[in-house]
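Observations on the three-dimensional arrangement
Listed below are the residues making up each chain.
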Amino acid sequence: MELSDVKDRMIRRAAKEVEAGMTVNLGIGLPTQVARYVSPTTPVCLHSENGISGVGPSLPYGKADRNLIDAGGAYVSVLPGTAFFDSAVSFAMVRRGRIDLTILGAFQISTAGDLANWAIPGMFTPGAGGAMELAQKACRVVVLTTHLDKRGNSKIVKECSLPLTAPHCVSRIYTDMAVIDVVEEGLVLVEIAEGLSVNDVVASTDSPLLIPQINIPVF
Amino acid sequence: MPDKIKTIEEAISQIYDGASVMLGGFGVPGTPFCLIDELVRQGQTGLTLIKNDANEMGMGVDHLLENGQIDKLITTHIGLNSRAVNLMNDGNLEVEFCSQGILAERIRTAGAGLFGFLTDIGIDTDLAGGKKIIEVDGRRCLIETSLKADFAFIHALHADAFGNLEYSASAQNFNPLMAMAADNVIVESEFIVATGDILPNTIHTPGPFVDVVVPLVELTEEYGVVRR
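Residues numbered from 1 in each chain as written. Chains lettered and ligands numbered in written order. Predicted model: local features only at pLDDT ≥ 70, side-chain atom pairs only at ≥ 80, totals over all residues. Heavy atoms only, no water.

Observations concerning the sheet that holds strand β7 (residues 115-116) of chain A
Residue and element names in this part refer to chain A. The 3 strands lie next to each other as β7-β6-β9, forming an open sheet whose pairing is mixed. The open sheet is flanked by β7 and β9 (156-157), the only strands paired with a single partner. Two elements, strand β6 (residues 108-110) and β9, share 2 bridges in a ladder whose sense is parallel. The residue of β9 that forms the bridge with S110 is V157. (Pairing = 2+ DSSP bridges. Helix = DSSP H or I, 4+ residues; strand = E, 2+ residues; numbered from the N terminus.)

This is the structure in structure tokens:
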């Protein structure tokens, strides 16, 4: 898949979340792309909710095993140490708190860190899949998403108008415009994308943003 | 050991109108496409389907939807099948969404002869609607009921005539859970091996859970690698 420079940069930035020793679940869509920027020498275990720990790199169609996909439907491979298991075991691993980090997509994220990513009633309700359990039980939950939806509206809002996946679950938001932390007091602007001003980000965000310093680092 | 091998026509002819049917599979891997195709051919209607997803357009569950055989779908994610989304939006298909691990656990507990369990997953969301909440050790929990079915369609890599099963890679998913949770468990298997050929240590589903084993003569295109 060809990605624009901007998207590429946000994915690369989010990939710094992934640290040696972690078990990580990457959500469908943009978050899956994060795997491309995790160094093969970093010892990390990727979990896929359809029943794999130790997901290996994706394979071209010609080399694919028809019975080996990740939860996003990509053909993947095995590594030394890969395990297969059923869906009950897979989510026992999630609910038991064995997933150190999950990176999820979003329709909306609120000032309080509420996440909505499973239903747009009457239009597109794909269902939550495993997102509720990941959002509630992964040790750290971050979101990777475009800052604006397809109609140009801010996905970062005061209150989610869409059905929630889980309340108060998101710790950090990575977008094409900014890196934003969710803290007790609200949302804090941590970094801004190259070429944008703080005002650009504030103007594109429907939630108040706390600006901790004059010079916000650029990613 | 008893021999449970039947033809696919015999196996599927047991399904009656209005039955509830569990289908293994997560996307393509583990989906019993041949059993589904035979159900489409025989045409039983008013079915309640329980499956992780609705496959993609033109595959598996989609044939049953297109053929108007499904009244209700209990599932976790239908985003890859626009027919399912449209039928739901138009009020022509009842869809009950579950969180994926909760669907798995509802099926697993039914298969373990239990009636339900307690969880905080989905609490304070729309998926908690209509479920009882109780407090245990100071924690609010939803009561989730177990979920059984009249029939389960299972896809295995290896089966012996007694119904000991082994699955392949990510084709395992819901199959071993559903194989425990239905009154009548019908397995299609890519290979039928001699009893004893699957080593006792590597059997995923033990034979006593299985009612019928259907040998697959050949795999249809739907089992293959999907080039998107």
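Past the structure itself, the notes keep going.
Quick look at the packing of aromatic side chains
All names here are of chain B. The final tally for this structure, using the stated rule, is 4 aromatic pairs over all chains. With centroids separated by 5.1 Å and ring planes inclined at 85°, the aromatic side chains of F33 and Y223 adopt a geometry described as edge-to-face. You can see F33 sitting in helix α2 (residues 33-42) and its partner Y223 sitting in the segment after β11 (212-215), a full 190 residues away along the chain. We classify F33 as buried; its relative accessible area is 0%. On the basis of relative accessibility, which here comes to 3%, the residue Y223 falls in the buried class. (Phe/Tyr/Trp six-rings, centres within 6.5 Å; stacked < 30°, edge-to-face > 60°. Buried < 20%, exposed > 50% of the residue type's maximum accessible area, 1.4 Å probe, protein only.)

Comments concerning the interface of chain A and chain B
The interface is formed by 38 residues belonging to chain A together with 44 residues belonging to chain B. Both faces combined, the contact of chain A with chain B buries some 3400 Å², and carbon together with sulfur accounts for 57% of it. If you sort the residues of chain A by the area they bury against chain B, A:Y61, A:R66 and A:N67 come out on top, with a joint share of 20%. Linking chain A with chain B are 3 salt bridges, by the criterion used here. A:K137 is the salt-bridge partner of B:D120, the closest N and O atoms lying 2.8 Å from each other. For the interface between chain A and chain B, the tally reads 20 residue pairs in polar contact (both at pLDDT 80 or more). Looking at side-chain class alone, the side of chain A that touches chain B contains 20 nonpolar, 12 polar and 6 charged residues. (Contact = heavy atoms within 4.5 Å. Buried area = accessible area lost by both parts, 1.4 Å probe. Salt bridge = Lys/Arg side-chain N within 4 Å of Asp/Glu carboxyl O. Polar contact = N/O pair within 3.5 Å; in protein donor to acceptor, adjacent residues only side chain to side chain. Nonpolar A, V, L, I, M, F, W, Y, C, P; charged D, E, K, R; others polar.)

Purely spatial values, then, with no claim about function.
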